[in-house]
Amino acid sequence: MDAVKLTKRESEIAELFAWGASKKEIANRLFISERTVENHARRIFEKTGCSKVNELSAWWFCTTFHISFSLSPIKRKFISLCFLAMLMPTIFNNDNVVVRVRTARCRTTRVQRSRRDNDNGTADFQIL
């Protein structure tokens, strides 16, 4: 498995799969069609011998970080826990609510209540 040679585009797609991106997200990010992503994914799976995205993710992390595929179960569990510890801050937000990490950025709008109330008893709001 270590001698697998992926093209530059296949490496990009394999990395995005490893970090949890869907085919649609990969297509949007790389400005290609979903069908093209599927074709690249098929070739990646053939070259690596993986049959699922989870296997591809494990393969990518092992080859990228030079982790041996023949580790003992105890060492594998330890490394898995280290990766999980690295990912925990991105999985949970401040309220301990599980969220899916997205790569797209969005603009948030905050609404602030002004200090003065209208004559009819309602408050003015100001968009920041």
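For the structure, see preceding data.
Residues numbered from 1 in each chain as written. Predicted model: local features only at pLDDT ≥ 70, side-chain atom pairs only at ≥ 80, totals over all residues. Heavy atoms only, no water.

A. Expanded view of the packing of aromatic side chains. Summed over all chains, the structure comprises seven aromatic pairs. Residues Trp19 and Phe61 carry aromatic rings whose centres are separated by 5.1 Å and whose planes lie at 75° to one another, so their mutual orientation is edge-to-face. Placement of the pair is Trp19 in the loop between helix 1 (8–18) and helix 2 (23–30) and Phe61 in helix 4 (residues 53–64), with a sequence separation of 42 residues. Among the residues examined, Phe61 registers a relative accessible area of 14% and is labelled buried. Considering the side-chain rings of Phe61 and Phe83, the 5.4 Å spacing of their centres and the 50° angle between planes classify their relative orientation as tilted. Here Phe61, found in helix 4, pairs with Phe83, found in helix 5 (residues 73–91); they are 22 residues apart in sequence, far enough to count as distant. According to the relative accessible area criterion, Phe83 is partly exposed, its value standing at 22%. Among the aromatic residues, those joined into a ring-pair cluster are Trp19, Trp60, Phe61, Phe65 and Phe83. (Phe/Tyr/Trp six-rings, centres within 6.5 Å; stacked < 30°, edge-to-face > 60°. Helix = DSSP H or I, 4+ residues; strand = E, 2+ residues; numbered from the N terminus. Buried < 20%, exposed > 50% of the residue type's maximum accessible area, 1.4 Å probe, protein only.)

B. Inspection of the layout of surface pockets at higher detail. Its volume calculated, the second largest pocket comes out at about 400 Å³. When residues of the lining of the second largest pocket are assigned to their parent elements, the largest contribution, six residues, is made by helix 4. Classifying every residue of the lining of the second largest pocket by side-chain character gives 12 nonpolar, five polar and one charged. (1 Å grid on protein atoms, 1.4 Å probe; cavity = no way out; pocket = protein on both sides within 12 Å on 5 of 7 lines; lining within 4 Å. Points joined across faces, edges and corners; volume = space filled by probe spheres on them. Nonpolar A, V, L, I, M, F, W, Y, C, P; charged D, E, K, R; others polar.)

C. Focus on the side chain of Ser57. As for its position among the elements, Ser57 is in helix 4. In this structure Ser57 comes out as buried when scored by relative accessible area, which is 15%. A polar side-chain atom of Ser57 sits 3.1 Å from the main-chain carbonyl oxygen of Ala18. (Polar contact = N/O pair within 3.5 Å; in protein donor to acceptor, adjacent residues only side chain to side chain.)

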